[in-house]
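Working through the structure, step by step
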Amino acid sequence: QQQVKQSPQSLIVQKGGISIINCAYENTAFDYFPWYQQFPGKGPALLIAIRPDVSEKKEGRFTISFNKSAKQFSLHIMDSQPGDSATYFCAASREGSGNTGKLIFGQGTTLQVKP
Amino acid sequence: ETGVTQSPTHLIKTRGQQVTLRCSSQSGHNTVSWYQQALGQGPQFIFQYYREEENGRGNFPPRFSGLQFPNYSSELNVNALELDDSALYLCASSPGQNYGYTFGSGTRLTIV
């Protein structure tokens, strides 16, 4: 019940295209869903996050879509650029008083944006 | 530039030895978590410290232990190292619950 399943494992997109990464979770107590971007040799960097009271959040070229009933959320990268080539992780946690805020990560998606 | 600094960046140890990894968080970040990231995998939660006390633990044995200090620094200690402990160890800090976590660049630990 603690799992977060992420797909696809790898993704190749042409420059200017849309990259879409999907995640599904099981624990309905999760209330914080961040996406992290990780470059080789670096730690994950927070990209964008959403809470279940909204269905979509957009920040620049990055959009999270959230479907509470389906227990799924996805990351859309519009106008993908070669500099977006990295590994992307979805995660989920249960925030709030009394909880650790432990992040449960998906398995990761390696994105390659071709020039 | 991340506000979380980890040291050392790389470390090679022999099976059976003990290791201490260090993390320096941003001022005011009283919550710190440690994660283990095996090659090609997502980070796995080891434990979290809040105001110098352990506040949650993942599925890791007791030979993984930690400390958090009043100056927002923390340590991860691993005893009796095993080959499977080879991984990237990440520290993440937060100013408190309901806030996002900032990760350091990690320590790459190799056990030979």
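What counts, and where the lines are drawn
- Here the residue index of a chain counts from 1 through its sequence in written order.
- Going through the entries in the order they are written, you letter the chains from A and number the ligands from 1.
- Two thresholds apply to this predicted model, a pLDDT of at least 70 for residue-level local features and 80 or more for giving and counting side-chain atom pairs, whereas whole-chain, interface and lining totals are computed over all residues.
- Side-chain calculation: all heavy atoms of the structure are included, whereas hydrogens and water are not.
- Two strands qualify as a pair provided DSSP detects at least 2 bridges between them.
- Each helix corresponds to a stretch of at least 4 residues labelled H or I by DSSP, and each strand to a stretch of at least 2 residues labelled E; elements are numbered beginning at the N terminus.
- Angles shown run from 0 to 180 degrees and are taken between the N-to-C directions of axes, each axis being a line fitted to C-alpha atoms and, for helices, limited to the stretch in contact.
- Note on definitions: a residue-residue contact is assigned when non-hydrogen atoms from the two residues lie within 4.5 Å.
- When two parts are brought into contact, each loses some accessible area as probed by a 1.4 Å sphere; the total of that loss over both is the buried area.
- Salt-bridge detection follows one rule: a side-chain nitrogen of Lys or Arg within 4 Å of a carboxyl oxygen of Asp or Glu.
- Whenever two N or O atoms come within 3.5 Å, that pair is a polar contact, provided that in protein one can donate a hydrogen and the other can accept it, and provided that, for residues adjacent in sequence, both atoms are side-chain atoms.

With that out of the way, let us pick up the sheet that holds strand β6 (residues 56-59) of chain A. All names here are of chain A. Taking strand neighbours across the sheet as the criterion, the five strands line up as β1-β3-β8-β7-β6 in an open arrangement whose pairing is antiparallel. Both outer strands of the open sheet, β1 (4-7) and β6, are each paired with one neighbouring strand and no more. Ignoring which end each strand starts from, the neighbouring axes of this sheet average 15° apart. Relative to strand β7 (residues 62-67), β6 is paired through four bridges, and the arrangement is antiparallel. Bridged to Glu-59 within β7 is Phe-62.

Once that is clear, we can look at the pairing of strand β8 (residues 72-77) of chain A. Residue and element names in this part refer to chain A. With six bridges joining them, strand β3 (residues 19-25) and β8 adopt antiparallel strand pairing. The residue bridging Ser-19 from the neighbouring strand is Ile-77, located in β8. Here six bridges tie β7 to β8, and the two strands are oriented antiparallel to one another. Along β8, the bridge assignment pairs Phe-66 with Phe-73.

Once that is clear, we can look at the interface of chain B and chain A. Tallying the contact residues gives 20 residues for chain B and 21 residues for chain A. Between chain B and chain A, a total of about 1600 Å² is buried, with carbon and sulfur atoms accounting for 50% of that surface. The interface formed by chain B and chain A contains zero salt bridges. Where chain B packs against chain A, one counts three residue pairs in polar contact (both at pLDDT 80 or more). Mapped by element, the contributors of at least two residues to the side of chain B that touches chain A are β4 (31-37), β5 (44-50), β6 (53-57) and β9 (87-94) of chain B.

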